[in-house]
Amino acid sequence: QVQLVESGGGLVRPGGSLRLSCAASGSIFSINAMGWYRQAPGKQRELVAVIASGGSTNYADSVKGRFTISRDNVKDTVYLQMNSLKPEDTAVYYCNARIPTYPTYLPSDYWGQGTQVTVSS
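Residues numbered from 1 in each chain as written. Predicted model: local features only at pLDDT ≥ 70, side-chain atom pairs only at ≥ 80, totals over all residues. Heavy atoms only, no water.

1. Quick word on the overall build of the chain
Inclusion rule: Under the DSSP-based scheme used, a helix requires at least four consecutive residues in state H or I and a strand at least two consecutive residues in state E, with every element numbered from the N terminus. Only protein chains enter the calculation, and the probe is 1.4 Å; a residue is then buried if its accessible area is under 20% of its type maximum, exposed if over 50%, and partly exposed in between. Every residue pair with non-hydrogen atoms within 4.5 Å of one another is taken to be in contact. Surface accessibility in these figures is a Shrake-Rupley result with a 1.4 Å probe; residues are shielded only by whichever protein chains are displayed. Working convention for charge: Lys and Arg count positive, Asp and Glu count negative, and His plus the chain ends are omitted. By convention, the point assigned to a charge is CZ for Arg, NZ for Lys, CD for Glu and CG for Asp.
A count of helical and extended segments in the chain gives 0 helices and 11 strands. N-terminal to C-terminal, the α/β element order of the chain is β-β-β-β-β-β-β-β-β-β-β. Overall size of the chain, expressed as C-alpha extent along the three principal axes, is 50 × 25 × 25 Å. Relative to its 121 residues, the chain shows a buried fraction of 36%. For the chain, long-range pairs separated by at least 24 residues make up 55% of all intrachain contacts whose partners lie at least 6 apart in sequence. A total of about 6800 Å² of accessible surface is found on the chain, and carbon and sulfur atoms cover 49% of it. When the 11 basic and 8 acidic side-chain charges of the chain are each reduced to a single mean position, those positions are 4 Å apart.

2. What about the packing of aromatic side chains?
Inclusion rule: Stacked, edge-to-face and tilted labels apply to pairs of Phe, Tyr and Trp rings (six-membered ring for Trp) whose centres lie within 6.5 Å, assigned for plane angles under 30 degrees, over 60, and everything in between, in that order. Over a ring means this: the NZ of a Lys or the CZ of an Arg is within 6 Å of the ring centre and within 35 degrees of the ring normal.
The full count for this structure, using the stated rule, is 1 aromatic pair. One cation-aromatic arrangement involves Arg 45 over Tyr 37; the distance from NZ or CZ to the ring centre is 5.7 Å. The ring of Trp 111 carries Arg 45 above its face, with NZ or CZ at 4.1 Å from the centroid.

3. Description of the environment of Met 34
Mapped onto the fold, Met 34 is located in strand 4 (residues 33-39). Separated by 15 residues in the primary sequence, Met 34 and Ala 49 have C-alpha atoms spaced 8.7 Å apart. Residues in contact with Met 34, not counting those within four places in the same chain, are Cys 22, Ala 24, Val 50, Ile 51, Ile 69, Arg 71, Asp 76, Thr 77, Val 78, Cys 95, Asn 96 and Ala 97.

4. Remarks on the side chain of Thr 77
Topologically, Thr 77 is positioned in strand 8 (residues 77-82). Residue Thr 77 is classed as buried on the basis of its relative accessible area of 7%. Beyond its immediate chain neighbours, meaning those up to four positions away, Thr 77 contacts Cys 22, Ala 23, Met 34, Ser 70, Arg 71 and Asp 72.

Next comes the structure, spelled out in structure tokens:
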């Protein structure tokens, strides 16, 4: 089985910064991609950022220029550096990993437990 453990959430003032971490462990041979999603109360879950094994990245338009996703393939860990935070960034942030399933190599998605990010003065 695969587990994703998140850390780094909390309360921050507008304009501040937070760094989220997510470590994957278990029966992992490789990881196709890792990313971050977020969901605010009463709203749909949305993709924030994703990074593939080769290092290519995609970001939601709302966070471009403010957030940076990175990945340590040796530690199976993904990070999200969040700068210039705004109140509208307040949400539960979920880590995601897309991992091939043995023996077919078809991908399966795994999710972290979620970490609360609150931006408020």
